[in-house]
Amino acid sequence: MRTFGHVTATSTTATSSDPAELGVGDIGDERALCDAAWALARGGLLADLSPAERGLVKAAAPSPEPDALRGLGAAIWAGDDPLGAAFTSLRSAERRRRQGATYTPTAVVEPMTEWLANHKGAARVVDPGSGSGRFLCAVGRRMLDARLVAVEIDPLAALITRANLTVLGFDKRAELHAGDYRELKLPMAPGPTAFIGNPPYVRHHDIDPKWKTWLRERAADLDLRASALAGLHVHFLLATAHLARPGDFGAFVTSSEWLDVGYGQLARDLVAGPLGGLSLHILDAGTQAFADATTTATVTAFEVGGPRRPIRVRRIKRVEELQGLAGGESFNPEQLHKERRWSTLLVPRVPVPRDFVALGDYCRVHRGVATGANATWVTSQNDPRLPASVLYPAVTKALELFGMEPGVLADSSDLKALVSLPEDLDDLAVADRGLVERFLDTARRAGVADGYIARHRKRWWSVKLPSPAPLLATYMARRPPAFVRNLAAAYNLNNVHGIYPVEPLSEAALCRLTEALRDRAALADGRTYAGGLTKFEPSEMARIMVPPPSWLEADEPWPRSA
């Protein structure tokens, strides 16, 4: 029997994954959720709330019925997380994405917790973003003497963590820091500190500039460089490197993004350096590890200090293969420091023929035109609302390039058109000026002039077009890019890349370059997202190895891909 919140529940209640059976159906809004969490936590030793939490409690709904509390407590005691389930159900996915609140499923929590408990003893365990406390609840069951330290900035989630830990009786050896993990100070502990959790994924657009300054300065303290484009999970890895002492260890599950992107270099340097990476377990991008988020996943285990050892890298197809965090191919940390991308470490390398060079050595890869309002600036080539002189044939969908054999766009008559108007409308013919002004009046009433891109143009209506690219390429699909020779001199939106030789190439050489790109490009050259979608940024496409111009201009074959 376990008493909490002035009610009693037994531990024999069967667990359930159905929110309705967990009592979530009785929690209709966040006020009710707050009150349920506080009712379960207030009788324990974690009842000293932060000001933000106290504000929520004052505004909470009336206390839930004792039977409802007993049901919630029994479900928690049995291993479920009804309050966390209610949180993810009540709070919109968009809001949770902005906050990085992606809750980790049991199938990921359990193997990470098991590894932590089996690795070696710890005096305390820190979860940098506890959410509903799933990791610490699992840790508490396995590591019976460790002090549990939760860090959570969201006051409602903090209340839920307090409730879950209190119900399980872990409040006697737990503490909660209601604030930002990057500001956490840890006193000395009588033994190693373990770190475990799912550092929040928040894109750099939603990170305050002061924290970007913090990132650069704290990275410099370790003689490392940081990019302001790094996501919040990279900030948390850096904060952990500063908090940890030799002998400390841990396991984090993150998006796999940092393995490949330029702004993930700091994370790679930390894992191969100060954090002391032990293993990487990279989940296949086609497998969705998180029920409420389409994202890739990598579990990273580490131990700070001690002799440098190889880092094991393993690719897995199913979450169940995480068990034990064992296996993998070993890589020397010094070798990993030299690798630009880590997700492809286990992908067989395609031999590069001698004398081949990177595409970027003699071509520039550019994104296409960003209009900011395609519904206005993309139309048909014979749109009667506009004069033909401002309509330019353009590739507006990547699908238009797929299946185009033999890789040549020779006719633009079936394409849509981009509207490109001069900055000075007086440059238009008198008859055309009237049509254009009526068109712009409609666009202005639709709010097009107030769009972000429009506001940053010299004239909101003037969509500037670069010269047509000699070669066009798709950049996001579940297959290698399509490369097409643009004989029709069509323009392209930013869902298609344009490839521009720095020095002129003959027509024969351009066709041979198109053929070489179609032959050489592989999915491993891009970055793969959840669901198997692979993206080629311009810099990644520029790294594809192709014959040099001298070979392209010569009438002789070159080695083909295996």
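Thresholds applied
Residues numbered from 1 in each chain as written. Predicted model: local features only at pLDDT ≥ 70, side-chain atom pairs only at ≥ 80, totals over all residues. Heavy atoms only, no water. Axes fitted to C-alpha atoms, helices over the stretch in contact; angles between N-to-C directions. Helix = DSSP H or I, 4+ residues; strand = E, 2+ residues; numbered from the N terminus. Parallel < 35°, antiparallel > 145°, perpendicular 65-115°, else oblique. Contact = heavy atoms within 4.5 Å. Nonpolar A, V, L, I, M, F, W, Y, C, P; charged D, E, K, R; others polar. Phe/Tyr/Trp six-rings, centres within 6.5 Å; stacked < 30°, edge-to-face > 60°. Lys NZ or Arg CZ within 6 Å of the ring centre and 35° of its normal. Salt bridge = Lys/Arg side-chain N within 4 Å of Asp/Glu carboxyl O. Buried < 20%, exposed > 50% of the residue type's maximum accessible area, 1.4 Å probe, protein only.

Enquirer: Mind showing me how you'd approach the packing of helix α1 (residues 30-41) against helix α3 (residues 66-77) here?
Expert: Each pair of packed helices gets described by two things: the angle between the helix axes and the distance between those axes. In contact at an axis separation of 11 Å, α1 and α3 are set at 70 degrees when each is read in the N-to-C sense. Between α1 and α3, the angle falls in the class roughly perpendicular. Across the interface between the two elements, Ala36, Ala39 and Leu40 from α1 touch Leu69, Leu72 and Ile76 from α3. Partitioning the contact of α1 with α3 into residue classes produces six nonpolar, no polar and no charged.

Enquirer: Just checking my understanding: could you explain the packing of aromatic side chains for this structure?
Expert: Each aromatic ring pair is summarised here by two numbers: the centre-to-centre distance and the angle between the ring planes. Considering all chains together, one arrives at eleven aromatic pairs under this definition. Cluster of aromatic residues (ring-pair linked, three or more members): Trp377, Phe439, Trp460 and Trp461. If you follow Arg182 out to its NZ or CZ, it ends over the ring of Trp211, 3.9 Å from the centre.

Enquirer: I would appreciate a short explanation of the pattern of salt bridges in the present structure.
Expert: For side chains bearing opposite charge, pairing can occur when the charged atoms are close. Applying the stated criterion across every chain yields a total of 24 salt bridges. A salt bridge links Lys458 to Glu423, with the nearest nitrogen and oxygen atoms 3.8 Å apart. Taken together, the residues Lys458 in the loop between α15 (452-455) and β18 (471-474) and Glu423 in the loop between β17 (416-419) and α14 (430-445) connect sequence positions 35 residues apart. Here Lys458 falls in the exposed class, since its relative accessible area comes to 63%. As a salt-bridge pair, Lys535 and Glu537 come within 3.0 Å of each other at their nearest N and O atoms.

Enquirer: Can you help me understand unusual backbone geometry in this one?
Expert: Across residues other than glycine, the phi torsion is negative in most instances, and most of the peptide bonds are trans. Backbone geometry at Asp223 places phi at a positive 60 degrees, although glycine is not the residue there. Following the sequence through the fold, Asp223 ends up in the loop between α9 (209-220) and α10 (232-243). The phi torsion at Leu325 lies on the positive side, around 45 degrees, for a residue other than glycine. Looking at the secondary structure, you find Leu325 in the loop between β10 (311-316) and β11 (329-331). Given a relative accessible area of 2%, Leu325 falls into the buried group.

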